[in-house]
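Descriptive structure summary
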Amino acid sequence: MTQRVASLLLCIGLAACATPPQPSASLPEDSFIGAGDPTRAAIIGTAWAFGGTERLAGQPAAAAEAVANLSYLAAEIPTAPRWRQFSPIIGVQLRQGEAEARAALGIPPNAPPQAVIDALLAARTALRAGDMPGAEAALPAGVFPDGGRLVIARLGALPAMPAATAGTRGAVVEMNRDDASADWPD
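Small disclaimer: the values here were computed from a predicted structure and weren't measured.

Analysis parameters
For every chain, the first residue of its written sequence is number 1, and the numbers climb from 1 along that sequence. Reporting of local features is limited, given that this is a predicted model, to residues whose pLDDT is at least 70; pairs of side-chain atoms are given and counted only at 80 or more, and all residues count toward the totals for whole chains, interfaces and linings. Only hydrogens and water are set aside; all other atoms, that is, all heavy atoms of the structure, feed into the side-chain values. Think of it this way: any DSSP run of H or I at least four residues long counts as a helix, any run of E at least two long counts as a strand, and we number them from the N terminus. Residue contacts follow a heavy-atom distance rule, with two residues in contact if any of their heavy atoms lie within 4.5 Å. Per-residue confidence from the predictor is reported as pLDDT, a score between 0 and 100. One side-chain nitrogen of Lys or Arg within 4 Å of one carboxyl oxygen of Asp or Glu is enough to make a salt bridge. Buried, partly exposed and exposed residues are distinguished by accessible area as a fraction of the type maximum, computed with a 1.4 Å probe on protein chains only: under 20%, between the cut-offs, and over 50%, respectively. Note on method: axes are straight lines fitted to C-alpha atoms, helices fitted across the in-contact stretch only, with angles between N-to-C directions ranging 0 to 180 degrees. An angle below 35 degrees is read as roughly parallel, one above 145 as roughly antiparallel, one from 65 to 115 as roughly perpendicular, and any other as oblique. In this scheme, a crossing is called left-handed if the near helix is turned counterclockwise away from the far one by less than a right angle; it is called right-handed if the turn is clockwise. Expected helix span is given by 1.5 Å per residue-to-residue step, counting one fewer step than there are residues. Side-chain atoms alone can form a polar contact between residues adjacent in sequence; in general such a contact is a pair of N or O atoms within 3.5 Å, and within protein one must be able to donate a hydrogen while the other accepts it.

So, the overall build of the chain
Helix and strand counts for the chain come out as 8 helices and 0 strands. Within the chain, counting contacts between residues at least 6 apart in sequence, those at least 24 apart form 71% of the total.

Take a look at the structure:
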C-alpha cells in the first residue's frame, strides 16, 4: 500500500470519528397515558396528525403534541437500536419533517430536540387547562424566538407538511412490517 493510499484511509477514518453524535430525546412518562409503548403511540399519532394537518386546525394543543412527538421520533428512530430494522430513509424523512415543522413554527434548526419537546408538551398541558398565559410562558424565547403567542397561533393553523407526512406514514409502514415479521411465540 502506498503512503498516499494509507494517508487517504487514515483521513477517511478520522472524518468518520469526527461526525458529531445525533441528539437524543425522550418523552415524559405521562406523554401517553394508557399507551403501553410511548414510541409506538407517537408513531401512530403523528401519522394521523401529519396525514392531514387540517385536522389540527384550531387545536394548538393537539398540534403542539404532534410536533413534539415528531421531534422525538426524528431523534429516536434513526439512532435507537430498537428501530434498526427500519429503512434508513425513514429517519431521513422524519428529520426532514422535523425541519419542516420547525420552519413553520419559527424554531431555530439548532434548538435541542429535548428542549423543543419539553416546551411543546408543557404548552399543550397549559392549553388543555385553558391557561393561555401559562402556554405562552412554556415556550421560552431561547427555543421559540418569535414568542409564545405567535407560536401558539401558528400551531392552530399548521400548513401541509409533505416531508412530515412521508416520514410519519413511512414509520407506520415500517412498524407494521416489523410486527408482521415478528417471530411471536405460539
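Quick notes on the confidence of the model for the chain
With 81% of its residues at a pLDDT of at least 70, the chain reaches an overall mean of 87. Across residues 5-20, where pLDDT falls below 50, the model places 2 contacts with residues more than four positions away in sequence or in other chains.

Brief notes about the pattern of salt bridges
On inspection of all chains with the given rule, the structure shows 8 salt bridges. Among the salt bridges present, the one from Arg128 reaches Glu65, with a minimum N-O distance of 3.0 Å. Separated by 63 residues along the polypeptide, Arg128 in helix H5 (residues 113-128) and Glu65 in helix H3 (residues 60-76) bring together distant segments of the chain. For Glu98, the salt bridge is made with Arg102, and the minimal N-O distance between the two is 3.3 Å. With a gap of 4 residues between them, Glu98 and Arg102 both fall in helix H4 (residues 88-105), about one helical turn apart. One exposure class covers both Glu98 and Arg102, and it is buried. Connected via shared salt-bridge partners are Glu65, Arg124 and Arg128.

Regarding the packing of helix H2 (residues 38-50) against H3
One can describe the packing of H2 onto H3 by two numbers: an axis separation of 9 Å at closest approach and a directional angle of 125°. The pairing of H2 with H3 is recorded here as oblique in orientation. H3 is crossed by H2, and the crossing has left-handed handedness. Contacts from Thr39, Ala42, Ile43, Thr46, Ala49 and Phe50 in H2 reach Ala66, Val67, Asn69, Leu70, Tyr72, Leu73 and Glu76 in H3.

Some words on the side chain of Thr168
Relative to the helices and strands, Thr168 resides in helix H8 (residues 162-181). Looking at Thr168, the relative accessible area reads 0%, which means it is buried. Look past the residues within four positions of Thr168 in its chain and what remains in contact with it is Thr46, Ala47, Phe50, Leu70 and Leu94.

A closer look at H8
With 20 residues, H8 ought to run about 28 Å at 1.5 Å a step, and its terminal C-alpha atoms sit 28 Å apart, in line with that. Of all the residues in H8, the buried ones are Ala163, Ala164, Thr165, Gly167, Thr168, Gly170, Ala171, Glu174 and Met175. Where H8 is buried, its residues meet H2, H3 and H4.

What about the environment of Arg149?
You can see Arg149 is positioned in helix H7 (residues 148-155). Expressed as a C-alpha distance, the spacing of Arg149 and Ala137, which sit 12 residues apart in the sequence, is 8.9 Å. A distance of 3.1 Å separates the side chain of Arg149 from the side chain of Glu136, its partner in a polar contact.

Overview of H2
Here H2 is 13 residues long and its end C-alpha atoms lie 18 Å apart, about the 18 Å a rise of 1.5 Å per residue gives. Taken together, the buried positions of H2 are Thr39, Ala41, Ala42, Ile43, Thr46, Ala47, Ala49 and Phe50. You can read the cap of H2 off the contacts: a side-chain oxygen lies 3.0 Å from the backbone nitrogen of Thr39, and it is on Asp37.

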